[in-house]
Amino acid sequence: MTTAIAKGLTAGTWTIDPAHSTVGFSVRHLMVSKVRGRFTDFDGALVIAEDGTATAHAEIRVDSLTTDNAQRDGHLRTADFFHAEQFPVMTFKSTGFRGEGSDFVVDGEFTVRGNTKPVTLEVEFVGVSPGMGNGAVAGFEAKTVVSRRDFGLDIDMPLPDGGAVIGDKITLTLEIEAVLQS
């Protein structure tokens, strides 16, 4: 059993509003800067039971990846990286919630390229708004760092003088607005 920690979240299904949410990432490039990107096609929900237990799940369509550079985006979709044709969806499924003050930590299983690994999301609960006539809206910001190699994105592109073109650590950043379903 997992327990919902954040006050103001009532029982029910809170679905991600993709028009007001972002699933982003960043990775070191040439060891001196970061490339940032996002996925534009995703969905998911936080389900809170009457007893306060909670679960969360999400799906992210790999071919919706954008770094605002068409050539790089095309390469990231190939078998060198995400292999979007064979593995079109990444998934997240929670395995537990832990409170940390008004915020919480969500443990879960993240699947990329058919590889499932445990991840821990540090979540800031932003709050609940009555919304604009379509039901209550909750806001969350979450972050985690994963190793791309753990998920089979293991292309090595070493630089002649040391280092690599692409770093191993990927920072995933989620800005989520979720709407309580009636």
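Because the structure is a prediction, the values reported are computed rather than measured. (Residues numbered from 1 in each chain as written. Predicted model: local features only at pLDDT ≥ 70, side-chain atom pairs only at ≥ 80, totals over all residues. Heavy atoms only, no water.)

A word on the pattern of salt bridges. Note on pairing: side chains with opposite charge can pair once their charged atoms come close. The tally for this structure, following the rule as stated, stands at six salt bridges. Across the pair R61 and D43 runs a salt bridge, and its minimum N-O distance is 2.8 Å. Residue R61 is located in strand β5 (residues 54-61), and its partner D43 is located in strand β4 (residues 42-48); the two are separated by 18 residues in the primary sequence. Measuring nitrogen to oxygen at the nearest pair gives 3.3 Å for the salt bridge that ties D168 to R149. You can see D168 sitting in strand β11 (residues 166-180) and its partner R149 sitting in the loop between β10 (137-147) and β11, a full 19 residues away along the chain. Given the relative accessible area of 19%, D168 is considered buried. Judged by relative accessible area, which is 36%, R149 ranks as partly exposed. Residues joined in a network through salt bridges with shared partners are D41, D43, E59 and R61. (Salt bridge = Lys/Arg side-chain N within 4 Å of Asp/Glu carboxyl O. Helix = DSSP H or I, 4+ residues; strand = E, 2+ residues; numbered from the N terminus. Buried < 20%, exposed > 50% of the residue type's maximum accessible area, 1.4 Å probe, protein only.)

A word on the pairing of strand β3 (residues 33-39). Here strand β2 (residues 22-29) pairs with β3 via seven bridges, running antiparallel. Bridge pairing links G24 to R38 in β3. If you look at the hairpin formed by β2 and β3, you'll find three residues sitting between the two strands, and L30 has a positive phi there, around 55°. Relative to strand β6 (residues 65-66), β3 runs antiparallel, the two sharing two bridges. Looking at β6, one finds that F39 is bridged to L65. (Pairing = 2+ DSSP bridges.)

Moving on to the environment of G99. Inspection of the secondary structure puts G99 in strand β7 (residues 89-100). Accessibility expressed as a relative area gives 43% for G99, which makes it partly exposed. Sequence spacing of G99 and V123 is 24 residues, and the spatial spacing of their C-alpha atoms is 9.6 Å.

Turning our eyes to something else, we now look at the side chain of R113. Considering the arrangement of structural elements, one finds R113 in the loop between β8 (103-112) and β9 (115-129). Buried and unpaired, R113 has D154 as its nearest opposite-charge partner, separated by 6.1 Å. At 2.8 Å, the side chain of R113 and the backbone oxygen of A79 are in polar contact. One polar contact links the side chain of R113 to the main-chain carbonyl oxygen of F81, over a distance of 2.3 Å. (Lys, Arg positive; Asp, Glu negative; His and termini not counted. Polar contact = N/O pair within 3.5 Å; in protein donor to acceptor, adjacent residues only side chain to side chain.)

In this structure, K34 sits in strand β3. Given the relative accessible area of 39%, K34 is considered partly exposed. With 74 residues separating them along the chain, K34 and G108 place their C-alpha atoms 26 Å apart.

This paragraph deals with unusual backbone geometry. In this structure, H83 is a non-glycine residue whose phi angle is positive, near 50°. Position of H83 relative to the elements: it lies in the loop between α1 (70-76) and β7. Of note, the phi angle at R113 is positive, near 55°, even though the residue is not glycine. Overall, the relative accessible area of 18% leaves R113 in the buried class.

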